[in-house]
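In case you want the letters, here they are:
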Amino acid sequence: MLIDAHQHFWRVGRNGFAWPTPDLAAIHRDFGPADLEAIGARLGLAGSVLVQSQADDRDTDWLLELAAAEPLVLGVVGWADLGAPGAPARIAELARRPKLRGLRPMLQNLDDDAWIVRPSLDPALDAMVAHGLSLDALVLTRHLPHLLTLARRRPDLAIVIDHGAKPPIATGEQAEAWTLGVDALAALPQVFCKLSGLLTEASPSQAPDALAPYVRRLVSAFGPDRLMWGSDWPVLDLAGDYGGWLVLAKSLSGLTDPADLAALFGGTCRRFYRI
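Note that the structure is predicted; figures quoted are calculated from it, not measured.

### Considering unusual backbone geometry
- Of note, the amide linkage connecting W19 to P20 takes the cis form, showing an omega dihedral of 10°.
- The residue P20 is located in the loop between β1 (2-7) and α1 (33-43) in this model.
- In this chain, W233 is followed by P234 through a cis amide linkage whose omega measures 5°.
- Locating P234 in the fold gives a position in the loop between β8 (227-229) and α8 (242-253).
- Phi angles above zero are rare outside glycine, and N15 is one such case at about 55°.
- Relative to the helices and strands, N15 is located in the loop between β1 and α1.
- Its identity is not glycine, yet H163 carries a phi of approximately 55°, on the positive side.
- Checked against the element boundaries, H163 lands in the loop between β6 (159-161) and α6 (175-186).
- Residue H163 is classed as buried on the basis of its relative accessible area, which comes to 3%.

### Notes on the layout of surface pockets
- Put simply, the largest pocket is a space of about 470 Å³.
- Along its surface, the largest pocket is lined by 27 residues, and S53, M106, Q108, N109 and L138 are the ones closest to its centre.
- Here the lining of the largest pocket is composed, by residue class, of 13 nonpolar, nine polar and five charged.

### Section: the packing of aromatic side chains
- By the definition in use, this model includes nine aromatic pairs.
- Both rings, one in F9 and one in W233, keep their centres 6.4 Å apart while their planes meet at 90°; by these two values the pair is edge-to-face. With F9 in the loop between β1 and α1 and W233 in the loop between β8 and α8, this pair connects stretches of sequence that are 224 residues apart.
- With 6.1 Å between their ring centres and 75° between their planes, W10 and W19 make a pair best called edge-to-face.
- On the basis of relative accessible area, W10 is assigned to the buried category, the value being 1%.
- In this arrangement the basic side chain of R29 is found over the ring face of F31, its NZ or CZ atom lying 3.8 Å from the centre.

### With respect to helix α2 (residues 57-68)
- If you check α2, its first and last C-alpha atoms are 17 Å apart, about what 12 residues at 1.5 Å a residue would give, namely 16 Å.
- Those residues of α2 that sit buried are D59, T60, W62, L63, L64 and A67.
- The inward-facing, buried residues of α2 abut β2 (45-51), β3 (73-78), α3 (87-95) and β4 (100-103).

### Considerations on the sheet that holds β8
- An order of β1-β2-β3-β4-β5-β6-β7-β8 is seen for the eight strands of this open sheet, with the pairing classed as parallel. Edge positions in the sheet fall to β1 and β8, since each has one partner strand and no second. On average, each strand axis in the sheet is inclined to that of its neighbour by 25°, with strand direction left out of account.
- Pairing of β4 with strand β5 (residues 134-137) involves two bridges; the strand directions are parallel. For L103, the partnering residue across the bridge sits in β5 and is L135.
- In this fold α1 packs onto β1 and β2, with an angle of close to 145° to the strand it touches most, β2.
- Set on the sheet, α8 makes contact with β1, β2, β7 (191-195) and β8; between it and β8 the angle comes to about 145°.

### Let's talk about the environment of Q7
- Tracing the backbone shows Q7 in strand β1.
- Expressed as a C-alpha distance, the spacing of Q7 and L150, which sit 143 residues apart in the sequence, is 25 Å.
- Each residue touching Q7, except ones within four places of it in the same chain, is listed here: L36, S48, V49, L50, V51, V73, S231 and W233.

### A word on the packing of α3 against helix α4 (residues 122-130)
- Interaxial distance between α3 and α4 falls to 8 Å at its minimum, and their mutual angle equals 20°. Here α3 lies roughly parallel to α4, going by the angle between them. When you trace α3 past α4, the crossing you get is right-handed. On α4, the residues that touch A87, P88 and I91 of α3 are P123, A124, A127 and M128.
- Tallied by class, residues from the contact of α3 with α4 come to seven nonpolar, no polar and no charged.

### Quick notes on the pattern of salt bridges
- For the coordinates displayed, the defined rule picks out 13 salt bridges.
- Linking R90 and D57 is a salt bridge whose minimum nitrogen-to-oxygen distance equals 3.5 Å. Taken together, the residues span a long stretch of sequence, with R90 in helix α3 and D57 in helix α2 at a distance of 33 residues.
- Classification of D57 as partly exposed rests on a relative accessible area of 32%.
- Across the pair D126 and R154 runs a salt bridge, and its minimum N-O distance is 2.9 Å. Placement of the pair is D126 in helix α4 and R154 in the loop between α5 (144-153) and β6, with a sequence separation of 28 residues.
- The exposure class assigned to R154 is buried, which follows from its relative accessible area of 8%.
- Among the charged side chains, a salt-bridge network with shared partners connects D57, D61, R90 and E93.

Cut-offs applied
Residues numbered from 1 in each chain as written. Predicted model: local features only at pLDDT ≥ 70, side-chain atom pairs only at ≥ 80, totals over all residues. Heavy atoms only, no water. Helix = DSSP H or I, 4+ residues; strand = E, 2+ residues; numbered from the N terminus. Buried < 20%, exposed > 50% of the residue type's maximum accessible area, 1.4 Å probe, protein only. 1 Å grid on protein atoms, 1.4 Å probe; cavity = no way out; pocket = protein on both sides within 12 Å on 5 of 7 lines; lining within 4 Å. Points joined across faces, edges and corners; volume = space filled by probe spheres on them. Nonpolar A, V, L, I, M, F, W, Y, C, P; charged D, E, K, R; others polar. Phe/Tyr/Trp six-rings, centres within 6.5 Å; stacked < 30°, edge-to-face > 60°. Lys NZ or Arg CZ within 6 Å of the ring centre and 35° of its normal. Expected span 1.5 Å × (residues − 1). Contact = heavy atoms within 4.5 Å. Pairing = 2+ DSSP bridges. Axes fitted to C-alpha atoms, helices over the stretch in contact; angles between N-to-C directions. Parallel < 35°, antiparallel > 145°, perpendicular 65-115°, else oblique. Left-handed = near helix turned anticlockwise from the far one by under 90°. Salt bridge = Lys/Arg side-chain N within 4 Å of Asp/Glu carboxyl O.

Rendered as structure tokens:
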């Protein structure tokens, strides 16, 4: 049962839209349920987790409205301003929406790499735990030490690292720091990871095999019981296509046991997001 752990919808010019910018012509258009349904019909997609792409309450509200009417969307990861005084109340409000499963503060876009460990966020994180919501961590290598601090401080908070923490595939810079950071986080049982977004971290001139050492490391560190496949569609369209990434991920994972493959491509996502 194929489940996509990470995909997006957006409407250009609506709901606080700020990205993708017009220079990214391949994805600078509206994407919605009909587009995903077309892909799902071809590839046997059983469902997906819809993840926010805009740091705006209007976007999250819109995604939840779409998800309520779309059977293919099994869960939603929204956005909330975790540092706002009203964050706990907003989180409680969102948690009443049946398909909300987590929140993503888009850490890679913030000026302070250590933002997530600010004590002022504790009320929001407490509210997330109280309502059974997980944290999607959109991070780069430089954020991993701070995410580790948070994870050690908050073993009660379920965390999933988006896009394998965006490894330095194109440049190779900080590859050792990425490896050490990933391994340290993988040692904590409440931390999961997504095998997603890697094609867009490679340079256009690189062969698909350039992803291999990073995929193997993620599989080794987390295992199929804490690693989940995601497309990162439609961002994926900047570097590949949905079906091609699915085939490549299966090949590069090195997994052959049917139970392991079932976990990586659906089971782990269902368990982590409680769907």
